[in-house]
Structures are given as C-alpha cells and as structure tokens.
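The chain contents come next:
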Amino acid sequence: MNKFILLIVSIFFLNACSYEPILQKKNYDFEFNKIQFSGDKTVNEIIKNRISKESSGNKKYKIYYNSKVEKTVVSSNQKGDPTIFNLNIDLVYKITDKDKIIIENTISKQSTYNDIKDKFELSNYEINSIKSLAERIGDEIMMSLISKN
C-alpha cells in the first residue's frame, strides 16, 4: 500500500513541476553540416544516424570523431573457455564552428556480459550491446553541445 501511495505522490509532483525529459524535446537549435569519422564502421554509422536524425536548426557545426571497439575476456573457467566478456567503446570527438574548436572530449562506454553457449545468440547480443552503447554515446555528444550553448 505504501508503494502505491508513493507512486501516486511521485506522479503528482512530476506533473505539477512540468517535468520534461531533456532528450525528448528533439528540437535542437543546431545541426551538423559536416560529419567526418574514422575507426569502427558500425559504431560510426550508428552515431552518425543518431546525431543527424536529432539535429536540425540554425547553427551549423562540424564534428570529427574516432571510435574504437574492444572486446576482452574478463574471466574464464578451469578449461580456459571464456565465461565473462567486457565490451568497451572509446570515442574521441571534436566539434568545431568556423574552424574554432568548441568541444573536444573523450567518451568511453562499456558493457560486461556472460558467455552464451549459442554463438549466434552471443553474436546478436554483442551487436545489440554495441548499438545501445553507440546510441548512448550519440546522446552524450548532443548533450555536451546543448550544455555548451
């Protein structure tokens, strides 16, 4: 019963203070007119689609980024077979306006997961993890530019 009352009170306060998610707005006053990248092709395309789709506005910026994906074995069993993996995506990016550097930053996201006996399922899980991490990196790039402005 206490959880129900807490839920009702939370909903009331969130509606009363006109809570609005920052990334839900989708009306950014900037866009990237030139996107250049190097590194992992899959990650770069996901980030490019994410930041291109969500930006449209008057201010035009250029972005350059380099991504690196690294999959490592964290733990293995007594036979030497891997049991836990770590997937790490590092991204170095630079946002410029009229050849003046506005933001230069590094983002690192990681995910740790257990081995799956079905290799097809493991591959699909890794692809979904990479997509999720790359989208979060794209959101973080957008937030860094919003907070700078």
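See the structure above.
Residues numbered from 1 in each chain as written. Predicted model: local features only at pLDDT ≥ 70, side-chain atom pairs only at ≥ 80, totals over all residues. Heavy atoms only, no water.

Chemist: Explain the pattern of salt bridges to me, please; I cannot follow it from the model alone.
Modeler: When charged atoms on two side chains of opposite charge get close, those side chains can pair. According to the stated counting rule, one finds 6 salt bridges in the structure shown. A salt bridge links K109 to E140; its shortest N-O distance comes to 2.8 Å. Remark: E140 occurs in helix α3 (residues 119–148) and K109 occurs in strand β4 (residues 100–114); sequence separation between them is 31 residues. (Salt bridge = Lys/Arg side-chain N within 4 Å of Asp/Glu carboxyl O. Helix = DSSP H or I, 4+ residues; strand = E, 2+ residues; numbered from the N terminus.)

Chemist: Quick question: what am I supposed to make of the environment of I95 here?
Modeler: Among the secondary structure elements, I95 is positioned in strand β3 (residues 82–97). For the pair I95 and F32, spaced 63 residues apart in the sequence, the C-alpha separation amounts to 9.0 Å. Leaving out residues up to four positions away in the same chain, I95 has contacts with F32, Y61, K62, I63, K100, I101, I102, I103, I141 and L145. (Contact = heavy atoms within 4.5 Å.)

Chemist: Help me understand the sheet that holds strand β1 (residues 30–39), please; the structure alone is not making it clear to me.
Modeler: Within a sheet, each strand pairs with its neighbour through backbone hydrogen bonds, oriented either parallel or antiparallel. Ordered in space as β1-β2-β3-β4, the 4 strands form an open sheet in which the pairing is mixed. Each end of this open sheet is capped by a strand with a single partner; those strands are β1 and β4. Adjacent strand axes in the sheet meet at a mean angle of 20 degrees, parallel and antiparallel pairs treated alike. Across 14 bridges, β3 lies against β4 in antiparallel orientation. (Pairing = 2+ DSSP bridges. Axes fitted to C-alpha atoms, helices over the stretch in contact; angles between N-to-C directions.)

Chemist: I would appreciate a short explanation of the nonpolar core in the present structure.
Modeler: The nonpolar side chains of a soluble globular protein tend to be buried, and buried together. Residues F32, I47, I51, I63, Y93, I95 and I141 are the most contacted members of the largest nonpolar core, which totals 27 residues. Listing elements by their share of this core, those giving two or more residues are β1, α2 (41–53), β2 (59–76), β3, β4 and α3. It is α3 that provides the largest number of residues to this core, a total of 8 residues. (Core = buried A, V, L, I, M, F, W, Y, C linked by side-chain atoms within 4.5 Å. Buried < 20%, exposed > 50% of the residue type's maximum accessible area, 1.4 Å probe, protein only.)

Chemist: Looking at this structure, I do not really get the pairing of β2. What am I missing?
Modeler: It is a general feature of regular strands that their side chains alternate between the two faces of the sheet. As paired elements, β1 and β2 share 9 bridges and run parallel to each other. Directly across from F32, in β2, lies its bridge partner Y61. Here β2 runs beside β3; their pairing, made up of 14 bridges, is antiparallel. Bridge pairing in β3 places I63 opposite I95. Between the antiparallel neighbours β2 and β3 lie 5 residues, among them G80 with a positive phi of about 100 degrees.

Chemist: Please explain a nonpolar patch on the surface as it appears in this structure.
Modeler: On the surface, F4, I5 and I8 cluster together into a nonpolar patch covering about 300 Å² of accessible area. Its place among the elements puts F4 in helix α1 (residues 2–16). (Patch = residues over 30% accessible without salt bridge, like charges linked within 9 Å, V, L, I, M, F, W, Y side chains within 5 Å. Areas by Shrake-Rupley, 256 points an atom, 1.4 Å probe, with all protein chains shown as cover.)

Chemist: What is the right way to look at the packing of aromatic side chains in this model?
Modeler: To describe a pair of aromatic rings, one takes the distance between the centres and the angle between the planes. For the structure shown, the criterion picks out 3 aromatic pairs. Members of the aromatic cluster, joined through ring pairs, are F85, Y113 and Y125. The ring of F85 carries K71 above its face, with NZ or CZ at 4.5 Å from the centroid. (Phe/Tyr/Trp six-rings, centres within 6.5 Å; stacked < 30°, edge-to-face > 60°. Lys NZ or Arg CZ within 6 Å of the ring centre and 35° of its normal.)

Chemist: Explain the environment of F85 to me, please; I cannot follow it from the model alone.
Modeler: Turning to its location among the elements, F85 is positioned in strand β3. Taking C-alpha positions, F85 is 7.2 Å from S75, a pair spaced 10 residues apart along the chain. Discounting residues that sit within four places of it in the chain, F85 has contacts with K71, T72, V73, V74, S111, T112, Y113, D115 and L122.

Chemist: Would you mind showing me how to read the packing of α2 against α3 here?
Modeler: Working note: a packed helix pair is described by the angle between its axes plus the distance between those axes. It is the contact of α2 with α3, at a shortest axis distance of 8 Å, that shows an interaxial angle of 45 degrees. On the basis of the axis angle, α2 is oblique to α3. Of the two possible hands of crossing, α2 and α3 adopt the one that is right-handed. The segment α2 lies against α3, with V43, I46, I47, R50 and I51 engaging I130, K131, A134, E135, I137, G138, D139, I141 and M142. Grouping the amino acids of the contact of α2 with α3 by side-chain chemistry returns 9 nonpolar, 1 polar and 4 charged. (Parallel < 35°, antiparallel > 145°, perpendicular 65-115°, else oblique. Left-handed = near helix turned anticlockwise from the far one by under 90°. Nonpolar A, V, L, I, M, F, W, Y, C, P; charged D, E, K, R; others polar.)

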